[in-house]
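An overview of the molecular structure
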Amino acid sequence: MGHALRQTFWLERLVRTNARGEHEYAEPELHPCRYEGATKRLVTADGSDRVSEAVMWTRVEVKPEDRVYPPGTSPDDYNAGREPLRCSPRHALSGEVDHYEVYL
C-alpha cells in the first residue's frame, strides 16, 4: 500500500479535554496518505448516521478524537481541520494491520 501514498495530511492528536469540554491537541504531524473524495453513508464511532465526503488511506493510526487536516489544507487554518467520522484498521493476509481507512 505504501507506493500509493503520494499525498500528505496533517494530524493533531488529542492530548486532553478540559472541564469546559475544550479539546487540547498536540503539535501537528505530517504523514503520507491517499485521499479521495467519496460520498458514503456510514455509522460513526458514536453510533449516529452520517455522510462522509472523503476517505483517506494511511499507515499511521488515526483515532476518532484526533483532528485531521486533509491534503491541501494547513493547521494554520483551524476551520480546515476535521474530526474523523470513522477510523477502520485494514489487515494484510498475514493478520497484521496494513493501513487505516479514515472517513471524513
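All figures in this text were calculated on a predicted structure; none of them were measured in a lab.

Calculation criteria
Residues numbered from 1 in each chain as written. Predicted model: local features only at pLDDT ≥ 70, side-chain atom pairs only at ≥ 80, totals over all residues. Heavy atoms only, no water. Core = buried A, V, L, I, M, F, W, Y, C linked by side-chain atoms within 4.5 Å. Buried < 20%, exposed > 50% of the residue type's maximum accessible area, 1.4 Å probe, protein only. Contact = heavy atoms within 4.5 Å. Helix = DSSP H or I, 4+ residues; strand = E, 2+ residues; numbered from the N terminus. Pairing = 2+ DSSP bridges. Axes fitted to C-alpha atoms, helices over the stretch in contact; angles between N-to-C directions.

1. Some details on the nonpolar core
One finds Phe9, Leu11, Cys33, Met56, Val60, Val62, Val68, Cys87, Val102 and Leu104 forming the largest nonpolar core, which totals 10 residues. If sequence neighbours within four positions are ignored, Leu104 has contacts with Tyr35, Ser52, Glu53, Ala54, Val68, Pro70, Arg82, Pro84 and Leu85.

2. Describing the environment of Thr44
Assignment of secondary structure puts Thr44 in the loop between strand 4 (29–43) and strand 5 (49–58). With a relative accessible area of 9%, Thr44 lands in the buried category. Distance in space between the C-alpha atoms of Thr44 and Arg86 is 5.3 Å, their sequence separation being 42 residues. Leave out the neighbours within four places in its chain, and Thr44 touches Arg50 and Leu85.

3. Brief notes about the sheet that holds strand 4
An order of 6-1-4-5-8-7 is seen for the 6 strands of this open sheet, with the pairing classed as antiparallel. This sheet does not close on itself; its edge strands, each paired only once, are strand 6 (67–69) and strand 7 (86–91). On average, each strand axis in the sheet is tilted by 40° relative to the strand beside it, whichever way the strands run. Summarising the sheet, strand 1 (residues 7–12) and strand 4 pair through 5 bridges and their orientation is antiparallel. Across the sheet, the residue bridging to Leu11 is Glu29, located in strand 4.

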